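One letter stands for each residue in the lines below.
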Amino acid sequence: MKPLKEKISITIDGDILDTLRYEAEKDDRSLSQYINLVLRHHINRLKKDD
């Protein structure tokens, strides 16, 4: 079963948002999909460091 998605509201610095939008488009993903991918990658790296 796929994990449930939740809507949230966050504030992101403009320069970071510009980069995320650029990278998402380059990767042919939505901004939301790309942010999820980046966060999942970061969390997996944190788990490996423990």
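Our structure's up above, just so we're on the same page.
Residue numbering note: each chain is counted from 1, following its sequence as written. With pLDDT at 70 or above as the cut-off, local features in this predicted model cover only qualifying residues; side-chain atom pairs require 80 or more to be listed or tallied, and sums for whole chains, interfaces and linings still use all residues. For side-chain calculations, the full set of non-hydrogen atoms in the structure is used, while hydrogens and water are omitted.

(A) Spotlight on unusual backbone geometry. At Asp28, a residue that is not glycine, the phi angle is positive and equals roughly 55°. Working definition: with a 1.4 Å probe on protein chains only, accessible area under 20% of the residue-type maximum means buried, over 50% means exposed, and in between means partly exposed. We classify Asp28 as exposed; its relative accessible area is 71%.

(B) Molecular detail of helix α1 (residues 14–26). What counts as a helix is a DSSP run of H or I of at least four residues, what counts as a strand is a run of E of at least two, and both are numbered from the N terminus. Multiply 1.5 Å by the residue count of a helix minus one, and that product is the helix's expected span. In this model, α1 (13 residues) spans 18 Å end to end at C-alpha, consistent with the 18 Å of a helix rising 1.5 Å per residue. One or two positions beyond α1, positive phi appears at Asp28, with a value near 55°.

(C) Representation of a positive patch on the surface within the structure. Candidate patch residues must exceed 30% relative accessible area and have no salt bridge, after which like charges are joined if within 9 Å and Val, Leu, Ile, Met, Phe, Trp or Tyr side chains if within 5 Å. Throughout, the Shrake-Rupley method with a 1.4 Å probe supplies accessible areas, and for residues the shown protein chains are the sole cover considered. Any Lys or Arg side-chain nitrogen located within 4 Å of an Asp or Glu carboxyl oxygen qualifies as a salt bridge. When charges are counted, Lys and Arg contribute as positive and Asp and Glu as negative, whereas His and the chain ends are disregarded. Charge placement uses NZ in Lys and CZ in Arg. For Asp and Glu, CG and CD serve respectively. On the surface, Lys2, Lys5, Arg40 and Lys47 cluster together into a patch of positive charge. By secondary structure assignment, the location of Arg40 is in helix α2 (residues 31–49). On the basis of relative accessibility, which here comes to 53%, the residue Arg40 falls in the exposed class.

Everything listed here is a matter of geometry and, on its own, says nothing about what the molecule does.
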